[in-house]
Amino acid sequence: MTQRAKIDTDSRGTAGGGPPVEHRPAGLTSAEVAERVARGEVNDVPVRSSRSAVDIVRANVFTRFNAIIGVLWVTMLFVAPIQDSLFGFVIVANTGIGIIQELRAKKTLDGLAVIGEAKPTVRRDGTAAELSTSEIVLGDLIELGPGDKVVVDGVVAEADSLEVDESLLTGEADPVVKKPGDPMMSGSFVVAGGGAFTATKVGREAYAAQLAEEASRFTLVHSELRSGISTILKYVTWMMVPTATGLIISQLIVKDTNLKDSIARTVGGIVPMIPEGLVLLTSVAFAIGVVRLGRKQCLVQELPAIEGLARVDVVCLDKTGTLTEGGMDVTALRPLNGSDEAYVRKVLGALGASDPHPNASLQAIIEAYPDADGWRCTEALPFSSARKYSGATFDEGGGEESSWLLGAPDVLLEAGDPALAETDHLNEQGLRVLLLSRTDREPGAPGAAEAARPAALVVLEQRLRPDASDTLAYFADQNVATKVISGDNAVSVGAVAGKLELPGAEHTVDARTLPEDREKMAEVLEENAVFGRVTPQQKRDMVAALQSKGHTVAMTGDGVNDVLALKDADIGVSMGSGSEATRAVAQIVLLNNSFATLPSVVAEGRRVIGNITRVATLFLTKTVYSVLLAVLVVCSQVEYPFLPRHLTLLSTLTIGVPAFFLALAPNRERAKPHFVRRVMRYAIPGGIIAGAATFTTYLLARHHYNGADALGAETSAATLTLFLVSLWVLAIIARPYTWWRLALVATMAGAFLLVLVVPWLQDFFALKLVGTTMPWAAVAIAATGAALLETAWRWVDRRFPA
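Anyway, here's the lowdown on the structure attached to this text. (Residues numbered from 1 in each chain as written. Predicted model: local features only at pLDDT ≥ 70, side-chain atom pairs only at ≥ 80, totals over all residues. Heavy atoms only, no water.)

1. Overview of the pairing of strand β20 (residues 553-557)
- Burial runs high along β20: 5 of the 5 residues are buried.
- Going residue by residue along β20, you find Val553, Met555 and Gly557 tucked away on one face and Ala554 and Thr556 tucked away on the opposite face as well.
- Judged from the 4 bridges that link them, strand β10 (residues 314-317) and β20 form a sheet pairing that is parallel. Among the inter-strand pairings, Val314 is bridged to a residue of β20, identified as Val553.
- When β20 meets strand β21 (residues 571-575), the two strands line up parallel, connected through 4 bridges. Considered in β21, the bridge of Gly557 is made with Ser574. (Buried < 20%, exposed > 50% of the residue type's maximum accessible area, 1.4 Å probe, protein only. Helix = DSSP H or I, 4+ residues; strand = E, 2+ residues; numbered from the N terminus. Pairing = 2+ DSSP bridges.)

2. Concerning the packing of helix α17 (residues 518-527) against helix α18 (residues 536-548)
- Where α17 contacts α18, the two axes come as close as 8 Å, and the packing angle between them is 85°. Classed by the angle they form, the pair α17 and α18 counts as roughly perpendicular. The segment α17 lies against α18, with Arg518, Met521, Ala522 and Leu525 engaging Asp541, Met542, Ala544, Ala545, Leu546 and Ser548.
- Its residues assigned to classes, the contact of α17 with α18 shows 7 nonpolar, 1 polar and 2 charged. (Axes fitted to C-alpha atoms, helices over the stretch in contact; angles between N-to-C directions. Parallel < 35°, antiparallel > 145°, perpendicular 65-115°, else oblique. Contact = heavy atoms within 4.5 Å. Nonpolar A, V, L, I, M, F, W, Y, C, P; charged D, E, K, R; others polar.)

3. Here's the deal with the sheet that holds strand β17 (residues 481-485)
- One open sheet accounts for 8 strands, arranged β9-β22-β21-β20-β10-β17-β19-β18; its pairing is mixed. Single-partner strands in this sheet number two, and they are β9 (298-300) and β18 (508-510). Across the sheet, the mean angle separating the axes of adjacent strands is 20° when strand polarity is ignored.
- Looking at chain direction, β17 and strand β19 (residues 530-532) are connected through 2 bridges and run parallel. Note on β19: the bridge partner recorded for Ile485 is Phe531.
- Here α18 sits on the sheet in contact with β10, β17, β19 and β20, set at roughly 160° to β20.

4. Digging into the environment of Ala448
- Examined against the element boundaries, Ala448 turns out to sit in the loop between β15 (432-439) and β16 (453-464).
- The residues contacting Ala448, other than those within four sequence positions of it, are Leu405, Thr439, Arg441, Glu442 and Pro443.

5. Section: the nonpolar core
- Within the largest apolar cluster, 85 residues are counted, with the highest numbers of intra-cluster contacts made by Ile612, Val615, Phe675, Phe752 and Trp793.
- Looking at which element gives the most residues to this core, the answer is helix α21 (residues 598-636), with 12 residues.
- Residues in contact with Val615, not counting those within four places in the same chain, are Leu281, Ala659, Leu662 and Ala663.
- Grouped together as the second largest cluster of nonpolar side chains are 35 residues, Leu293, Leu323, Phe475 and Val484 included. (Core = buried A, V, L, I, M, F, W, Y, C linked by side-chain atoms within 4.5 Å.)

In short, the description is geometric, and any link to function would need to be established separately.
If you want it as structure tokens, here you go:
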């Protein structure tokens, strides 16, 4: 049952004002605050928007593969020339780049987090002021209004029709009416009314501190991309252990060769099995994405949100504050049933003054009708998105008293009322209409709406966001379905969507007619695009219904009625000017309040995911052919064909340098699920073909060459084949071609050719092609391998579609 708050007529000077300052608790004095600060009774729990610098360095340096490579690097520094230790320097450089990029991202995020930080209103020395949450002390008196989040635990000191939503903590969807003396749970938020509470737990004792830190922490976990890479690395580790053991035994025991040379070739076989740059490039790509979005005033509170929004195929938009700007203008007042317009204006002015926390509609009315002198508000009912109306009772003086409701015409009027026809006509023009009704009952009493008599229609014009149309067009072009979900009249919402040229805007659905069954609701949602008269709980149900059909859903909003849906959506997007509650649960906050920023977030996510999928194939193809070569060497009981310097050169030219450019390139392809499967279906056949072609060349070269320098010639021929096949893998990954992609592949080929023809580079990398027969045979084998790659990957596309 709707609750209400009685207001002492002696403490109300005018129609709306709350009790005068002298009748309210003044809060702590400056001296009391100083005492509490000295005692350490402050809300000092650090709320970080990102990992600390120490955590970033630790995460980049102390990895499983860095440890393996570090041991191998130190070993090579003792037993081989510096050329064979180049892989270690590359890892140091890569790790440094990763740390620098993440620190840049941290700086960006920390700066944005300060801008978007919730600042509660605290009353001290009788004066209210906004303070940072870290400045709150034990015993502070914190004021609350609609949309405000409760940041510390406390006890209610003042309540003016105060309704609090604790669903994020308890799971209970119905708002809880709070009265003086009731406990306030941190993490809850105000949905209607206002008041103040006294802080009883601050700092680490308050649950809010843990909740706020958890909600706003910049994290690299719970991402399909990163968890997929972790899965791949786990399997790689399992493959490495037995393969590396067999290779060590083969090169050091079975083959009675030079000890240092055997160690060098063993290390040369182990190092390329490690896809060490894959994790680095993923972190760098995400970090650069955060920096890019930060420049557009987009705060990414959880890193996977970039990835998640790229996977979204349905975007649910709240009309008010998203498609339209927050402000409104009263364009007309239409009295009904012979009501006096001057009197109606007086009522509207009094209603505006009766609410200390007016929403956008009431704010427009306050600006249009500021006259409220002489009336006293004896009871106030704040607006609730569940009720769809607000109300108040006034003492007009001279013994006259009246009660009024202001809200949605189709909620307050009976079906068939003549005023509804006029309302529908106005709604069709995209105008918002409120009904002012007089009731014989108290505003919060049961049946108050049913007993109301229409007095006037208030016509409001909403300001369309200038960038909304282009943004909707972008989503349509990207095959992302857009659903407009609003609490406003369905016809009005449809008219606004129609002005923005949203497909399907001509067929609007009144949410009150939606089936409760989730499957049937999902069918209606998939077939239609515009929904009006949606309650907060319905918004949540609609998100769940779409998710049940396999859709990845993003929800945007800025009001308290959007919080539940934002929390349950795959990705929640809040406007920076939105309520504290929406900013707290959203993964992405648009600090510039620009809906047009969303395409940038989608594009950034697609760039990251699409490009990491590309480069992951490069890295894992190398891992597969390295493992295969090691197995073939062990089984054939021959020397491992490569020294570390050879594979460092190949990895740099066919993977390292190209992957860096490819990972940061534009990519508009929509993100697809099953990252591991999509990568491995190319990497396994690619690696097998590259390894088999290389080993074939090596065996032929062993039969072709003899003498003291035979091993060097055999290695050079095998290196040529492996480079050419790997270059072809790169050429396939780089498609579709642009001028810079072609230039990238050609530059890598030219760099390898330079090594083959410049004498000092030949000596440095121990690469020298001997004769013409075997080098041309190596090229022919590589060409055959390239043809097999094309055939195999096309077969994979048909047989195992992503």
